[in-house]
Amino acid sequence: MKAIHRWGLQAPADLSLIRQPVLVANGESDRMVPSVNTIDLAARLPRGELEPLSPDAGHGGIFQYHDRFVSRALDFLEP
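All chains use their own residue numbering, which begins from 1 and follows the written sequence. Side-chain atom pairs in this predicted model are given and counted only at pLDDT of 80 or more, local residue features only at pLDDT of at least 70, and totals for whole chains, interfaces and linings cover all residues. The basis for the side-chain values is all heavy atoms of the structure; hydrogens and waters are excluded.

Student: Would you mind showing me how to read the side chain of Thr 38 here?
Tutor: On the secondary structure map, Thr 38 appears in helix 2 (residues 35–44). Contacts are assigned to residue pairs with any non-hydrogen atoms lying within 4.5 Å of each other. Setting aside chain neighbours within four positions, we find Thr 38 in contact with Val 24, Ala 25, Asn 26, Val 33, Leu 50 and Leu 53. Secondary structure counts use DSSP, requiring at least four H or I residues in a row for a helix and at least two E residues in a row for a strand, with both numbered from the N terminus.

Student: Looking at this structure, how should I read the pattern of salt bridges?
Tutor: Any two side chains of opposite charge can pair, given that their charged atoms come close. Here a salt bridge means any side-chain nitrogen of Lys or Arg lying within 4 Å of a carboxyl oxygen belonging to Asp or Glu. Going through the model one piece at a time under the given rule, you end up with four salt bridges. The salt bridge partner of Glu 49 is Arg 72, with a shortest N-O separation of 2.6 Å. Here Glu 49 is found in strand 2 (residues 48–50), whereas its partner Arg 72 is found in helix 4 (residues 66–77), with 23 residues between them in sequence. The shortest N-O distance in the salt bridge between Glu 51 and Arg 68 comes to 3.6 Å. In this pair, Glu 51 sits in the loop between strand 2 and helix 3 (61–64) while Arg 68 sits in helix 4, placing the two residues 17 residues apart along the sequence.

Below, the structure is given as structure tokens:
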């Protein structure tokens, strides 16, 4: 948690150089990585796709809603 906190205080990294598609997912109540940071990450990646935040979920949202996430991830990974 201390490392994440220190990292969060740094100036934002330039993510414009990341050109591959990125699927960004999180729960709407994540204490470890605040959901607002997830939204920001997806917005700053040129090809970032934000999976809707998992309701009533924290850091393990992809596991709590695994059926929805796996389906979305497979669609994302198809050529």
